[in-house]
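Per-entry structural report
Each chain is listed here by its residues.
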Amino acid sequence: MEPKSRIRREVMEKRDALSPEARTVKSREICRRLSESLLFRESDIIAGYSAIRSEADLSPLLDFALREGKALFLPKVSGDDMEFYRVNDLQNLAEGSFHVMEPRVDESVVSLPTLLERLQSDSDVRVCVLTPGVAFSGKGLRIGYGKGYYDRYLPRLFGGGISIKTVGIGYELQVVDDFSGEETDWKMNYIVTENREVCCDDGIGIVM
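For the structure given in this document, a descriptive report is provided here. Every chain begins its residue count from 1, and numbering advances along the sequence as written. Whole-chain, interface and lining totals are the exception, using all residues; otherwise, since this is a predicted model, local features are given only for residues with pLDDT of at least 70 and side-chain atom pairs are given and counted only at 80 or more. Calculation of side-chain values draws on the structure's entire complement of heavy atoms; hydrogens and water are dropped beforehand.

A word on the overall build of the chain. Looking only at helices and strands, the chain has six helices and twelve strands in total. In the chain, which comprises 208 residues, the proportion classed as buried is 48%. In this description, contact between two residues means that some pair of their heavy atoms is separated by no more than 4.5 Å. In the chain, the proportion of contacts linking residues at least 24 apart, taken out of those at least 6 apart, comes to 69%. Areas reported here follow the Shrake-Rupley algorithm with a probe of radius 1.4 Å; residue values treat only the protein chains shown as occluding. Roughly 10,600 Å² of accessible area belongs to the chain as shown, and the carbon and sulfur atoms make up 46% of that amount. Working definition: helices are DSSP H or I runs of at least four residues, strands are E runs of at least two. Numbering for both runs from the N terminus. The rule is simple: take the accessible area with a 1.4 Å probe, protein chains only, and divide by the maximum for that residue type; under 20% is buried, over 50% is exposed, in between is partly exposed.

Below, the structure is given as structure tokens:
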């Protein structure tokens, strides 16, 4: 199997080579597929992301989530740490680490783990984590940018009895042949591209 560093480089080159027009069309189709999916419709909480570089742009879907009354959370990076905070207005974001648009945070803004802790006794709550990446395998393995933010963060959300599903988001060209994972890699439940939705396997968790 190819090393992850080579896959990351090759896929990023292909993704960056897409024209802005092509990225817009593909991103809109990804948003449409997600908005019509049972997983999205039944989720009470959506953890999304603000796109950078040539990533699939989920802005229309995030705006739709707010209009549908879902609790929306976006990530904020501080050094080697990442946390998701609730967002009520996509216009009220500020440029943060890596030039990513992030939530403005003060003492009144709730984090995702804090909310999940409050809701632990509510088994009907469903969470959908829309996860960016550079490349994905059909089995749910993910290659990020190499910083490990999501692999370190996602395990913090589990264990409270709340249904949480992770969804890898990318263009079809980002789905590659299988590659080997590491013990710290967190698997995706689903992958959504402009062409299809992939159910990866029968579970989530650490790659063994």
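Don't stop here, the text continues.
A few words now on the packing of helix α2 (residues 20-36) against helix α4 (residues 59-67). Angles run from 0 to 180 degrees between N-to-C directions of axes, and those axes are lines fitted to C-alpha atoms, restricted for helices to the stretch in contact. Look at α2 against α4: their axes get within 8 Å of each other, and the N-to-C directions meet at 30°. When the axes of α2 and α4 are compared, the pair comes out roughly parallel. Residue-level contacts link Cys31, Leu34 and Ser35 of α2 to Pro60, Leu61 and Phe64 of α4. Of the residues that constitute the contact of α2 with α4, the class distribution is five nonpolar, one polar and no charged. Here the angle decides the label: under 35 degrees means roughly parallel, over 145 means roughly antiparallel, 65 to 115 means roughly perpendicular, and every other value means oblique. Three residue categories are used. Nonpolar comprises Ala, Val, Leu, Ile, Met, Phe, Trp, Tyr, Cys and Pro, charged comprises Asp, Glu, Lys and Arg, and polar comprises the others, including Gly.

What follows covers the pattern of salt bridges. Any carboxyl oxygen of Asp or Glu that lies within 4 Å of a side-chain nitrogen of Lys or Arg is treated as forming a salt bridge with it. According to the stated counting rule, one finds twelve salt bridges in the structure shown. Between Lys4 and Asp185 there is a salt bridge whose closest N-O contact spans 3.2 Å. A residue pair is termed long-range when its members are at least 10 positions apart, and Lys4 in helix α1 (residues 4-17) and Asp185 in the loop between β10 (175-176) and β11 (190-192) qualify at 181 residues. Across the pair, exposure class does not vary: Lys4 and Asp185 are buried alike. Residue Glu172 pairs with Arg196 through a salt bridge whose shortest N-O separation is 2.7 Å. Placement of the pair is Glu172 in the loop between β9 (163-169) and β10 and Arg196 in the loop between β11 and β12 (197-199), with a sequence separation of 24 residues. Overall, Arg196 belongs to the partly exposed group, its relative accessible area being 35%. Linked by salt bridges that have partners in common, Glu29, Arg32, Arg33, Glu36 and Glu197 make up one network.

Our next topic: the side chain of Ser137. When you line up the elements, Ser137 lands in strand β7 (residues 135-137). Not counting the four nearest positions on each side in its chain, Ser137 is found in contact with Val176, Asp178, Phe179 and Ile191.

This paragraph deals with the sheet that holds β9. We treat two strands as partners when DSSP finds at least two bridges between them. Strand order in this open sheet of seven strands is β3-β2-β1-β6-β9-β11-β12, and the pairing throughout is mixed. Strands with a single pairing partner mark the edges of an open sheet, and in this sheet they are β3 (81-87) and β12. With direction set aside, neighbouring strand axes in the sheet form an average angle of 25°. Where strand β6 (residues 126-132) lies against β9, seven bridges are found, and the strand directions are parallel. By the bridge assignment, Val129 is partnered in β9 with Thr166. The sheet strands contacting α4 are β1 (45-47), β2 (71-78), β3 and β6, and the helix crosses β2 at an angle near 130°.

Buriedness for pockets is judged along seven lines, at least five of which must meet protein on both sides within 12 Å for an open set on the 1 Å grid over protein atoms alone, while cavities are sets there where a 1.4 Å probe fits but cannot get out, and lining residues have an atom within 4 Å of a point. Grid points are joined across faces, edges and corners, and a volume is the space filled by probe spheres set on the points. By volume, the largest pocket is sized at about 610 Å³. Surrounding the largest pocket, 31 residues form its lining, Arg142, Tyr145, Lys147, Tyr149 and Tyr150 being those nearest its centre. For the lining of the largest pocket, the secondary structure elements donating two or more residues are α1, β2, β8 (142-143) and α6 (149-153). Partitioned by chemical class, the residues of the lining of the largest pocket number twelve nonpolar, seven polar and twelve charged. Space inside the second largest pocket adds up to approximately 350 Å³. What lines the second largest pocket is a set of 23 residues, among which Ala51, Asp57, Leu58, Ser59 and Pro60 lie closest to the centre. Listed by contribution, the elements that provide at least two residues to the lining of the second largest pocket are α2 and α4. By residue class, the composition of the lining of the second largest pocket is eleven nonpolar, six polar and six charged.

These values are about where atoms sit, not about what they do.
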